[in-house]
Amino acid sequence: MDVLEEKEEEEQREEEELKALEINDNLQDMEMKVSVEQVCIPSDVPSIDTSQLPSSYKTNSLKEKKLLHIADHFLQQYTHLCPDRKPLFLHPVNECGVEKFVSTTVRPTLLPYAELYHWDGCASFISDYLTMEPLKSPIAPPSSLYSPTTILKYQRGNCFDFSVLLCSMLIGAGYDAYCVHGYATREMCTLDETLKVCPLLRKPQEEPKERMKKSNKYRVKPPPDLQSKFELQQEAKKAKTEAAEKNEEKDVEKVTEVEKPERDPLCGLRVHAWVLVLSGKKEVPETFFINPFTGNSHSTMDEHFLGIESVWNHRNYWVNMQDCWNGCKDLIFDLGDTIRWEVMLSGSSKPLQLLSDAEEEKELSDRDSDDTQEKEEGDTSFDMPPSWVAPIQISPREFETRCSDGRKVILYKKAKLEKWAPYLNGNGLVKRLTVYADLGCTEVVEVREWFKNREDMLDMREVNKQTQLTTDYFSPGHFLCLKAHTYTSLEPETEYMMEFYNEARVDGLQKRVETPNEMTEYFVGRDDFLHVRYMEFGKRRKKIHLAGTRTDINSRPIVQIKECFHRNPEKPADEDVAERIFLITEDMIQLTYHLKDKYITASKKDFFKVAEGDRKGNEMVTSPEMCIAYQAGSSEKEEKLLHLYKLLQKLTVEEKQLKLQVQQSEAEVLNILKVRKNEETNVKLSVSIYNTEKNEKRRQQYEAMKKTREDDLRGPGEQDLDYLAPFIIQIGHREKMTKGQALRVRDDCLTDFKHRLINKANIIQARLEKAVEELQKKDQWFQKNQNRLSAEEEGDFLTRRSETTFHIHILALRLKREKQAAPQKYLALEEKLRKDPRLAEHLGHT
């Protein structure tokens, strides 16, 4: 039996070994296929012109050579200690074919754009500005790493190029950022967003509210087990709902199976590079990843990141020594922990600890250990050399254009996102999101558009293709105070909803909703506490066009007007109107007052206006039947007829005013619709006055102003002034002078200039002496009259004395400066005369 068991175990071992060999062969074949496929991929990257690049791109300094030597030694130790791991990404070649250490390729830069001061602005700019290129081999890092300046110039790069550029900008902005060499899923490595929901469509997660559990202390005991028809019906309904839910779950599972990506044979082997941002600096509360292809942030627990080999910044290089069997979820990003992260260049107080165990050191020979100790001692005092990359620069035009060719398209799950550079589209469109009903993106459900630089302040537009409902959102600043406008058509008397910036309006109007027969207005912050006004319209009469008549002759007849008011604390509740309704067609007015404390009914008054025949007279006929009132609290006395009569008169006047306000609201609506039509047909874009490149009108004004200012400073005829003209006149304006005449002109010019310098110094000297003399006289006067001066006069004297002292100090400095500059000015004029083409022939050798 023992022999049989041993044979079975041996057979199982042989089978496992054969399976392992088959797996290795398959992986090797796959790697060969991948490499062959990548070689066959046509590359449209233009050839890089290296002739204009600085010398630092083409050669290595002594410090860089020493760093490469240290990196090679570090790699030898690493491969010796970790033979099963893949080689590190340490010193690939740059665009000039020169090996450069990866940390020196990072060039921290802070660019002069406010958007790039934050990580999300930097990430979105990089993802939009650069075009993604896949790695030549998806399971190996690239053999070259170009400088960020070259990547920006050609706007193309792989994940390592993206990461180095983004890391350079983040470090320059003050973040604790690092480039990461690791492994990720196929969708992340290939920038496949077709199975992901667009970030613009993701709804923020709502935190569930904890419900208060009711106490079961006094719970009623359950009744005896008796059958009930009602319960049977409920059970049947429940069974139906459960069956429907199961069918829905099956449908969802089918959809998810269809949407699931195919199994990736290279899962866990695909190389990717991204950016790690540690918490601490710039008020970053938690460590996170940034995918440079999309510009999105991810948690370190994200399952799309499958492992990390190493990280680096502009100062050092760290190797991950933690197990990545669970992806990056269990990794601890404490780079100071030398057990979890092996650092290449340790500080003077922390030497390299690659050979920390005594057992491992014994395995090496004495000679190798001595060499490593010497190199480690050298490493401890070695600092990272400065970056060899030229300063990163992005012009305002490049920053504004962002996307290559000014346009970028991203496909998501049932959605398509398009981006444009500002001013590329005549209507100011910069972004469009199209939402589809199916995965094939054939049936459009909704379209969202974002605009910039529009004079009508239009910011966003949502169009529901199924209901044809359009909603326009406006930024503050529209001259009609529009905030949002929802409509199906811009024709009048159709359904719409307008929202306004109520702070900018005098009437406090916040929203207006209209249907063909109704209009409702909502107000905020009014002094009369009005918050809702509802208008109902009747059928329009036949249109009558008369020349010279009023424009509102065909306005819709008003059936009723209803107004609602908030509580006014300064009035008693039974005198504070909560709601009033003007039934215009019925000649009736209804008032409802606010509830009083401890009352469940409100006071009401219904007024019946006089008949048309009585209204023609000069006096209004009153009777108790004109008003039906209900006063909450029967003990209250009834109001007098005179008081009701005056209240009715007041309400009648307010009714007329309300009719005018309704007509004004209708006219305002017509005006808004007319303006919006005009704005959509003639879209105008605003350009900043500081953007002289696009603002042609402003540029012409600036050039004209600059020219005028220069002309004013020059004065008339200053361009034709000749400093030798006064001296050439004395010899008779000869085109060609003799040597004697040239010497005479030179001497006369130098003598005159010398006299001018002396005269200037004498003038300053005289002013200085005069100021000193005046100061002395003031001091003598003060000494004589000091006892007779008041405190105010003494203060005035001291103030004038300090001003005089300051004036003396300035004159002394000017005199000193003139004396020091006079010889230099004299020599400069002498040199200018020697090089003057009219005198150079005779004075060139003197």
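Residues numbered from 1 in each chain as written. Predicted model: local features only at pLDDT ≥ 70, side-chain atom pairs only at ≥ 80, totals over all residues. Heavy atoms only, no water.

1. Comments concerning the overall build of the protein
Okay, so step 1: The number of helices and strands found in the protein is 18 helices and 25 strands.
Okay, so step 2: Scored against the burial criterion, the 846 residues of the protein give a buried share of 36%.
Okay, so step 3: Here the analysis covers contacts within the protein between residues at least 6 apart in sequence; of these, 57% occur between residues at least 24 apart.
Okay, so step 4: Carbon and sulfur atoms provide 51% of the accessible area of the protein, an area that totals close to 54,300 Å². (Helix = DSSP H or I, 4+ residues; strand = E, 2+ residues; numbered from the N terminus. Buried < 20%, exposed > 50% of the residue type's maximum accessible area, 1.4 Å probe, protein only. Contact = heavy atoms within 4.5 Å. Areas by Shrake-Rupley, 256 points an atom, 1.4 Å probe, with all protein chains shown as cover.)

2. Considering the nonpolar core
Okay, so step 1: One finds Phe101, Phe160, Leu170, Val277, Tyr317 and Met344 to be the most contacted residues of the largest nonpolar core, which totals 59 residues.
Okay, so step 2: Put simply, the parts of the chain that give this core at least two residues each are helix H2 (62-81), helix H4 (119-129), helix H5 (148-154), helix H6 (159-172), strand E3 (177-184), strand E4 (271-277), strand E5 (288-291) and strand E8 (317-320).
Okay, so step 3: Per-element accounting of this core gives the leading share, ten residues, to H6.
Okay, so step 4: Apart from residues lying up to four places away in sequence, Phe101 is in contact with Leu67, Leu68, Ala71, Leu90, His91, Tyr317, Met344, Met384 and Trp388. (Core = buried A, V, L, I, M, F, W, Y, C linked by side-chain atoms within 4.5 Å.)

3. What to know about the pattern of salt bridges
Okay, so step 1: Going through the model one piece at a time under the given rule, you end up with 46 salt bridges.
Okay, so step 2: A salt bridge links Arg432 to Glu449; its shortest N-O distance comes to 3.2 Å. One end of the pair, Arg432, is in strand E12 (residues 429-436); the other, Glu449, is in strand E13 (residues 444-451), with 17 residues separating them in the sequence.
Okay, so step 3: Glu449 gets classed as buried once you look at its relative accessible area, which sits at 14%.
Okay, so step 4: Between Asp507 and Arg505 there is a salt bridge; the shortest N-O distance is 2.9 Å.
Okay, so step 5: Residue class for Arg505 comes out buried when judged on its relative accessible area of 14%. (Salt bridge = Lys/Arg side-chain N within 4 Å of Asp/Glu carboxyl O.)

4. Brief notes about the confidence of the model for the protein
Okay, so step 1: Mean pLDDT for the protein: 81, with 80% of residues reaching 70 or above.
Okay, so step 2: Taken together, the stretch residues 206-215 has pLDDT below 50 and engages in zero contacts with residues farther than four places along the chain or on a different chain.
Okay, so step 3: A low-confidence stretch, residues 544-553 stays under pLDDT 50, and its non-local contacts, those more than four residues away or across chains, total four contacts. (pLDDT = per-residue confidence, 0-100.)

5. Quick notes on empty space enclosed by the protein
Okay, so step 1: One pass over the structure, following the stated rule, counts two cavities of 30 Å³ or more.
Okay, so step 2: In this structure, the second largest cavity occupies an estimated 30 Å³ of space.
Okay, so step 3: In terms of lining residues, the second largest cavity is bounded by Asn60, Glu64, Leu67, Leu68, Glu99, Lys100, Phe101 and Thr104.
Okay, so step 4: Top element by residues in the lining of the second largest cavity is H2. It accounts for three residues. (1 Å grid on protein atoms, 1.4 Å probe; cavity = no way out; pocket = protein on both sides within 12 Å on 5 of 7 lines; lining within 4 Å. Points joined across faces, edges and corners; volume = space filled by probe spheres on them.)

6. A word on the packing of aromatic side chains
The relative placement of two aromatic rings is captured by the distance of their centres and the angle of their planes.
Okay, so step 1: What the rule picks out here adds up to 18 aromatic pairs.
Okay, so step 2: Pairing Tyr57 with Trp388 gives two aromatic rings, centres 5.0 Å apart and planes at 90°, and the pair type is edge-to-face. Of this pair, Tyr57 sits in the loop between helix H1 (2-40) and H2 while Trp388 sits in the loop between helix H10 (366-380) and helix H11 (396-401); the two residues are 331 residues apart in sequence, bridging distant segments of the chain. Each member of the pair, Tyr57 as well as Trp388, carries the same accessibility label: buried.
Okay, so step 3: Centroid distance Tyr113 to Phe399: 4.2 Å. Interplanar angle 10°. Geometry classified as stacked. On the criterion of sequence distance, the pair formed by Tyr113 in the loop between helix H3 (102-105) and H4 and Phe399 in helix H11 is long-range, its members being 286 residues apart.
Okay, so step 4: Joined through ring pairs, the aromatic side chains of Phe89, Phe101, Phe160, Trp312 and Tyr317 make up one cluster.
Okay, so step 5: The lysine or arginine in question, Arg505, covers the ring of Phe500, its NZ or CZ lying 4.8 Å from the ring centre.
Okay, so step 6: Over the face of the ring belonging to Phe537 we find Arg556, whose NZ or CZ atom lies 4.1 Å from the ring centre. (Phe/Tyr/Trp six-rings, centres within 6.5 Å; stacked < 30°, edge-to-face > 60°. Lys NZ or Arg CZ within 6 Å of the ring centre and 35° of its normal.)

7. Section: the sheet that holds strand E6 (residues 296-299)
Okay, so step 1: With respect to topology, seven strands assemble into an open sheet ordered E6-E5-E4-E3-E7-E8-E9, the strand pairing being antiparallel. Bordering the open sheet on either side are E6 and strand E9 (341-343), each of which pairs with just one other strand. If you compare each strand with its neighbour and ignore which way they point, the axes differ by 35° on average.
Okay, so step 2: Looking at chain direction, E3 and strand E7 (residues 305-312) are connected through six bridges and run antiparallel. What sits directly across from Cys179, in E7, is Trp312.
Okay, so step 3: Contacting E3, E4, E5 and E7, H6 crosses the sheet at an angle of about 10° to E4. (Pairing = 2+ DSSP bridges. Axes fitted to C-alpha atoms, helices over the stretch in contact; angles between N-to-C directions.)

8. What to know about the side chain of His91
Okay, so step 1: Inspection of the secondary structure puts His91 in the loop between H2 and H3.
Okay, so step 2: A relative accessible area of 18% places His91 in the buried class.
Okay, so step 3: A distance of 2.8 Å separates polar atoms of two side chains, one belonging to His91 and the other to Asp72.
Okay, so step 4: Every residue in contact with His91, bar those within four places of it in the chain, is listed here: Leu68, Ala71, Asp72, Glu99, Lys100 and Phe101. (Polar contact = N/O pair within 3.5 Å; in protein donor to acceptor, adjacent residues only side chain to side chain.)

9. Brief notes about the pairing of strand E19 (residues 518-523)
Okay, so step 1: Sheet topology note: the strand E18 (residues 509-514)/E19 ladder contains five bridges and is antiparallel. When the bridges of E19 are listed, Val513 appears paired with Thr520.
Okay, so step 2: Connecting E18 to the antiparallel partner E19 that follows it, the hairpin turn spans three residues.
Okay, so step 3: Alignment of E19 against strand E20 (residues 530-537), held across five bridges, turns out to be antiparallel. Following the sheet pairing, Met519 is matched in E20 by Met535.
Okay, so step 4: Counted along the chain from E19 to the antiparallel partner E20, the turn is six residues long, and its residue Gly525 has a positive phi close to 70°.

10. Observations regarding the side chain of Ser163
Okay, so step 1: Here Ser163 shows up in helix H6.
Okay, so step 2: In this structure the side chain of Ser163 is engaged in a polar contact, spanning 3.4 Å, whose partner is the backbone nitrogen of Trp274.
Okay, so step 3: Beyond its immediate sequence surroundings of up to four residues, Ser163 is in contact with Cys179, Ala273, Trp274, Val275 and Pro292.

11. Quick word on the layout of surface pockets
Where empty space is left in the structure can be found by rolling a water-sized probe over the atoms.
Okay, so step 1: Space inside the largest pocket adds up to approximately 1,100 Å³.
Okay, so step 2: Every element with two or more residues in the lining of the largest pocket is listed here: H4, H11, strand E10 (407-412), strand E11 (415-420), E12 and E13.
Okay, so step 3: For the lining of the largest pocket, the class distribution of residues is 23 nonpolar, eight polar and 15 charged. (Nonpolar A, V, L, I, M, F, W, Y, C, P; charged D, E, K, R; others polar.)

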